[in-house]
Amino acid sequence: MDYIENILEKLKEWARRLIEALLGPDAEPEPEPIPVPVNDRRR
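This write-up is about the structure you can find in this document. All of these numbers come straight from a predicted model, not from anything done at the bench.

1. Some details on the overall build of the chain
- If you tally the helices and strands in the chain, you get 1 helix and 0 strands.
- Across the 43 residues of the chain, 0% fall into the buried class.
- As displayed, the chain offers around 5,200 Å² of accessible surface, 59% of which is attributable to carbon and sulfur atoms.

This is the structure in structure tokens:
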């Protein structure tokens, strides 16, 4: 039984690592573009 428990613990650890790798660090939101003033006066 000890062998099976060790295998289950390893599987739990791998599953936790996989979930952390997929969902862990939140993706940084895409920065909003900064409006650049344009001198569009007609001469």
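Next comes the rest of the write-up.
2. A short note on the pattern of salt bridges
- What the rule picks out here adds up to 3 salt bridges.
- For R17, the salt bridge goes to E13, with nearest N and O atoms at 2.7 Å. Of this pair, R17 and E13 both sit in helix 1 (residues 2-23), separated by 4 residues, roughly a single helical turn.
- For R17, a relative accessible area of 47% gives the class partly exposed.
- A salt bridge links R16 to E20, with the nearest nitrogen and oxygen atoms 3.2 Å apart. With R16 and E20 both in helix 1, this residue pair falls 4 residues apart, about one helical turn.

3. Remarks on a nonpolar patch on the surface
- Together, M1, Y3, I4, I7, L8, L11 and W14 make up an exposed nonpolar region whose accessible area comes to about 840 Å².
- Structurally, Y3 is set in helix 1.
- A residue is classified by how much of its surface remains accessible, and Y3, at 63% relative accessible area, is exposed.

Cut-offs and rules
Residues numbered from 1 in each chain as written. Predicted model: local features only at pLDDT ≥ 70, side-chain atom pairs only at ≥ 80, totals over all residues. Heavy atoms only, no water. Helix = DSSP H or I, 4+ residues; strand = E, 2+ residues; numbered from the N terminus. Buried < 20%, exposed > 50% of the residue type's maximum accessible area, 1.4 Å probe, protein only. Areas by Shrake-Rupley, 256 points an atom, 1.4 Å probe, with all protein chains shown as cover. Salt bridge = Lys/Arg side-chain N within 4 Å of Asp/Glu carboxyl O. Patch = residues over 30% accessible without salt bridge, like charges linked within 9 Å, V, L, I, M, F, W, Y side chains within 5 Å.

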